[in-house]
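# Fold and contact review
The residues making up each chain are set out below.
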Amino acid sequence: AACPRATRATDPGLREINFGKLQGMTSANKESKALKDGVYNKWRAGDFSQSFPGGENCESLMSRGLAALRAAARLGSCVVVVAHGGLIKWSAVAMAFEGRLPSLQEAMAKMARAEMREILDAPVRNCCCSTVHFDHAGAAFRPRGWFQSVFEDASAKDDTG
């Protein structure tokens, strides 16, 4: 028992992106890949209102992710959150906007900046770790690092092999 006082909690807000009708489709299906890529490209350009067919948009994903991470931060001074990479990546984008949803014009301008490209272009591999401190007094997230491999040789494999 390395952490005898550790507790486990679950939060449905930490679930992966709701892909709607595309849920479970792989990149081998060219039509679903094109639809997913189209939505992601809109998000990457700053249009967070675009939804997956029958699924969620980036605005709801980011709001849900930040709410779940805030709830986790209230659990103690040192909290480990395990979640899907897509949720963490878009929560990182929301943190870059200081936890508020920007206007389309503001989002489009900021999404082209280098610090945002670094988040968006970072590979999210299985078993990666992001470190974020939560400033309870200011109710703000303070990212320290995104998507760092926990294995020196990157031996954890994702569904691409």
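Here we summarise the structure given alongside this text. (Residues numbered from 1 in each chain as written. Predicted model: local features only at pLDDT ≥ 70, side-chain atom pairs only at ≥ 80, totals over all residues. Heavy atoms only, no water.)

To continue, consider the pattern of salt bridges. Close approach of charged atoms allows side chains with opposite charge to pair. The tally for this structure, following the rule as stated, stands at 6 salt bridges. The partner of Glu56 in a salt bridge is Arg64, and the shortest N-O contact between them spans 2.5 Å. Here Arg64 falls in the buried class, since its relative accessible area comes to 12%. Here the residues in one salt-bridge network are Arg44, Arg117 and Asp121, joined through shared partners. (Salt bridge = Lys/Arg side-chain N within 4 Å of Asp/Glu carboxyl O. Buried < 20%, exposed > 50% of the residue type's maximum accessible area, 1.4 Å probe, protein only.)

With that settled, the discussion passes to the nonpolar core. With 31 residues, the main nonpolar core has Trp43, Phe48, Trp90, Val93 and Met111 as its most contacted residues. In this structure, Val93 is in contact with Phe48, Met62, Met111, Met116, Ile119 and Leu120, ignoring residues within four places of it in sequence. (Core = buried A, V, L, I, M, F, W, Y, C linked by side-chain atoms within 4.5 Å. Contact = heavy atoms within 4.5 Å.)

Let's shift gears to unusual backbone geometry. Even without being a glycine, Cys127 presents a positive backbone phi close to 65 degrees. By the element assignment, Cys127 lies in the loop between helix H5 (114-121) and strand S1 (128-135). With a relative accessible area of 45%, Cys127 lands in the partly exposed category. With a phi angle near 50 degrees, Ala139 is a residue other than glycine that sits in the positive phi range. Secondary-structure assignment places Ala139 in the loop between S1 and strand S2 (140-149). (Helix = DSSP H or I, 4+ residues; strand = E, 2+ residues; numbered from the N terminus.)

This part is about the packing of helix H2 (residues 58-73) against helix H3 (residues 85-96). The N-to-C vectors of H2 and H3 enclose an angle of 90 degrees; their axes lie 8 Å apart at closest approach. When the axes of H2 and H3 are compared, the pair comes out roughly perpendicular. On H3, the residues touching Cys58, Leu61, Met62, Arg64, Gly65, Leu66 and Leu69 of H2 are Gly86, Leu87, Trp90, Ser91, Val93, Ala94 and Met95. The class makeup of the residues in the contact of H2 with H3 is 10 nonpolar, 3 polar and 1 charged. (Axes fitted to C-alpha atoms, helices over the stretch in contact; angles between N-to-C directions. Parallel < 35°, antiparallel > 145°, perpendicular 65-115°, else oblique. Nonpolar A, V, L, I, M, F, W, Y, C, P; charged D, E, K, R; others polar.)

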